[in-house]
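Single-letter residue listing:
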Amino acid sequence: MQHQFIRIAMLILLAIIAAGGERRYSLNNSQSIELVPLRLDASKPDRRKVGALTFLNGWELRSDNSDFGGVSALTALGDNRFLAVSDAGTLIGFTLTNGKMERSFIAALPGAQGEQLDYRDRDSEGMAYDAASGHIWISYEARHAVRRLSPSLGRVDGVKRLSFTEGWKANGGVEAMARLNDGRFVLLSETHQRADGSNSGYLYSGNPVEQGARYTSFGYRAPKGYRPTDATVLPDGQLLILNRRISFPQGFSAKLAILDPAEIQSGEVATPKVIASIAPPLLVDNMEGLAVTQENGRIIVWMISDNNFTAFQRTILMKFALNLPNKKPEAETAPGFETL
């Protein structure tokens with residue numbers, strides 16, 4: 001009972017920390033990131049299957065850099081190169097080659113530092129990427145906006161203040177963002193809900209920071225008790241959406257779901273299909289980042305967690321192969337899911 005009480009107290013503390021606020025650190029500018037191998041299930045080393053996912057690898061990412069952590073979005077740039085962004089306004093780049101960390105860097109987002117700026121200008125949450133142009137788009141909470149970064153990542157070359165967020169809470173902005181194969185953008189709020197209880201979603205006709213891009217609103221029906229934290233696009237054009245939950249006393253869990261963009265209709269509610277659930281005792285934390293790559297003909301799904309800059313959590317990176325058999329979603333659930 002005492003152990004359970006301590007666990008609940010720690011989770012409450014994590015929830016308070018996750019609500020946001022200005023973070024302060026002692027300065028360390030190390031650019032090194034360490035990989036520490038992890039198993040999907042420490043009690044069953046051979047376990048690999050989680051719904052439509054097959055676990056390939058997992059690591060804890062560690063760095064002495066003062067700004068490392070708080071990862072809120074992840075994207076794959078090609079050639080085993082990845083870019084993550086933290087909710088403290090930090091870019092984290094690295095290359096993974098055969099399980100080895102190479103060419104890592106940790107640097108402030110352009111436009112995130114300055115005399116007239118504070119943490120509200122750094123609370124970056126979602127990220128989208130266009131391989132053809134090399135542009136990166138990042139969504140921000142607090143001062144709700146989407147900014148486009150130059151391919152060099154050295155400057156902001158476009159900004160759009162989001163008018164539909166008027167009246168939203170500072171920490172309730174666009175959490176997940178994805179660029180569809182046809183150039184449209186999908187934006188999802190983590191906490192702002194419509195009258196029907198679905199999460200607020202917006203479909204842009206094109207690049208949201210350019211004039212002429214129009215949006216329509218829709219509802220996103222997240223799995224019960226879960227909230228969307230990141231989204232990306234599969235090779236066939238479908239949306240892959242990461243949903244996260246924190247509950248007591250189980251802690252963190254995550255659900256991966258698929259949504260066909262054709263099901264997004266103005267004013268209507270779109271409901272995704274859950275294809276995998278990850279809950280204790282499986283490896284899981286505050287999962288907030290999602291990316292997709294292809295490897296030897298397989299679709300690879302990457303997930304990364306936000307450690308909230310606390311000693312109680314970890315920055316976990318997991319690598320899965322995606323397999324979508326002809327069976328109903330959720331036919332194979334993660335251990336412990338039945339208790340959620």
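Residues numbered from 1 in each chain as written. Predicted model: local features only at pLDDT ≥ 70, side-chain atom pairs only at ≥ 80, totals over all residues. Heavy atoms only, no water.

1. Observations concerning the sheet that holds strand β15 (residues 215-220)
Right, on to step 1. Strand order in the open sheet formed by 5 strands is β12-β13-β14-β15-β19, and the pairing between neighbours is mixed. For this open sheet the edge positions go to β12 (174-179) and β19 (269-270), each flanked by a neighbour on one side alone.
Right, on to step 2. In this sheet, β19 lies alongside β15 in parallel orientation, the contact comprising 2 bridges. Within β19, the position partnered with Y220 by the bridge is A270. (Pairing = 2+ DSSP bridges. Helix = DSSP H or I, 4+ residues; strand = E, 2+ residues; numbered from the N terminus.)

2. Focus on the sheet that holds strand β18 (residues 251-259)
Right, on to step 1. Spatially, the 4 strands line up as an open sheet ordered β16-β17-β18-β20, and their pairing is antiparallel. The two strands at the open ends of the sheet, each matched to only one other strand, are β16 (227-233) and β20 (273-278). Recorded for the sheet is a direction-independent mean angle of 25° between the axes of neighbouring strands.
Right, on to step 2. Here β16 runs beside strand β17 (residues 239-247); their pairing, made up of 6 bridges, is antiparallel. Bridge assignment links P228 to a residue of β17, and that residue is N243. (Axes fitted to C-alpha atoms, helices over the stretch in contact; angles between N-to-C directions.)

3. Considerations on the packing of aromatic side chains
Right, on to step 1. For the structure shown, the criterion picks out 11 aromatic pairs.
Right, on to step 2. Between the aromatic rings of F82 and F94, the centroid separation amounts to 5.6 Å while the plane-to-plane angle is 20°, which identifies the pairing as stacked. One end of the pair, F82, is in strand β5 (residues 81-86); the other, F94, is in strand β6 (residues 90-97), with 12 residues separating them in the sequence.
Right, on to step 3. When its relative accessible area of 3% is taken as the criterion, F82 is described as buried.
Right, on to step 4. Here F164 and W168 contribute two aromatic rings whose centre-to-centre distance is 5.7 Å and whose plane-to-plane angle is 55°, an arrangement assigned as tilted.
Right, on to step 5. Residue classification places W168 among the buried positions, given a relative accessible area of 10%.
Right, on to step 6. Taken together, F164, W168, Y202, Y204 and Y215 form an aromatic cluster joined through their ring pairs.
Right, on to step 7. One cation-aromatic arrangement involves R147 over Y140; the distance from NZ or CZ to the ring centre is 4.2 Å. (Phe/Tyr/Trp six-rings, centres within 6.5 Å; stacked < 30°, edge-to-face > 60°. Buried < 20%, exposed > 50% of the residue type's maximum accessible area, 1.4 Å probe, protein only. Lys NZ or Arg CZ within 6 Å of the ring centre and 35° of its normal.)

4. Quick notes on the pattern of salt bridges
Right, on to step 1. One pass over the structure, following the stated rule, counts 10 salt bridges.
Right, on to step 2. In this structure, D182 and R184 form a salt bridge, with 2.9 Å as the shortest nitrogen-oxygen distance.
Right, on to step 3. In this structure R184 comes out as partly exposed when scored by relative accessible area, which is 27%.
Right, on to step 4. Through salt bridges that share partners, R148, D157 and E210 make up one connected network. (Salt bridge = Lys/Arg side-chain N within 4 Å of Asp/Glu carboxyl O.)

5. Some points on unusual backbone geometry
In terms of backbone geometry, most residues other than glycine have negative phi values and most peptide bonds are trans.
Right, on to step 1. Going from F248 to P249, the amide bond is cis rather than trans, its omega being 0°.
Right, on to step 2. Along the chain, P249 turns up in the loop between β17 and β18.
Right, on to step 3. Here the residue pair P280 and P281 is connected by a cis peptide bond, since its omega of 15° sits within 30 degrees of zero.
Right, on to step 4. By the element assignment, P281 lies in the loop between β20 and β21 (287-295).
Right, on to step 5. Positioned with a positive phi, L153 is a non-glycine residue whose angle comes to about 65°.
Right, on to step 6. With respect to the element layout, L153 can be found in the loop between β10 (145-149) and β11 (156-161).
Right, on to step 7. Positive phi is not limited to glycine here, since N308 has a value of about 55°.
Right, on to step 8. As for its position among the elements, N308 is in the loop between β22 (298-305) and β23 (315-322).
Right, on to step 9. The exposure class of N308 is buried, given its relative accessible area of 2%.

6. Details of the side chain of D41
Right, on to step 1. Within the fold, D41 resides in the loop between β1 (34-37) and β2 (49-50).
Right, on to step 2. Here D41 is buried and forms no salt bridge, its nearest opposite-charge partner R47 lying at an N-O distance of 4.8 Å.
Right, on to step 3. Residue contacts for D41: discarding those within four places in its chain leaves R47, P281 and L282. (Lys, Arg positive; Asp, Glu negative; His and termini not counted. Contact = heavy atoms within 4.5 Å.)

7. Quick look at the environment of V284
Right, on to step 1. With respect to the helices and strands, the residue V284 is situated in the loop between β20 and β21.
Right, on to step 2. Take V284: its relative accessible area is 14%, and that puts it in the buried class.

8. What to know about the confidence of the model for the protein
Right, on to step 1. Confidence in the prediction for the protein averages 87 pLDDT; 84% of positions are at 70 or higher.
Right, on to step 2. In the model, residues 1-6 has pLDDT below 50 throughout and makes 1 contact with residues more than four positions away in sequence or in other chains.
Right, on to step 3. Confidence over residues 327-340 falls short of pLDDT 50; this stretch has 33 contacts with residues more than four positions distant or in other chains. (pLDDT = per-residue confidence, 0-100.)

9. Describing the nonpolar core
Nonpolar side chains in soluble globular proteins tend to be buried together.
Right, on to step 1. With 27 residues, the main nonpolar core has L53, L240, L256, V301, M303 and F320 as its most contacted residues.
Right, on to step 2. Taken together, the elements giving at least two residues each to this core come down to β3 (53-62), β17, β18, β20, β21, β22 and β23.
Right, on to step 3. The element that contributes the greatest number of residues to this core is β23, accounting for 4 residues.
Right, on to step 4. Excluding its chain neighbours within four sequence positions, the residues that come into contact with M303 are L53, L242, L256, I278, M287, G289, L290, I316, L317, M318 and F320.
Right, on to step 5. One finds F94, M101, W302 and L317 within the second-largest nonpolar core, a separate group that totals 21 residues. (Core = buried A, V, L, I, M, F, W, Y, C linked by side-chain atoms within 4.5 Å.)

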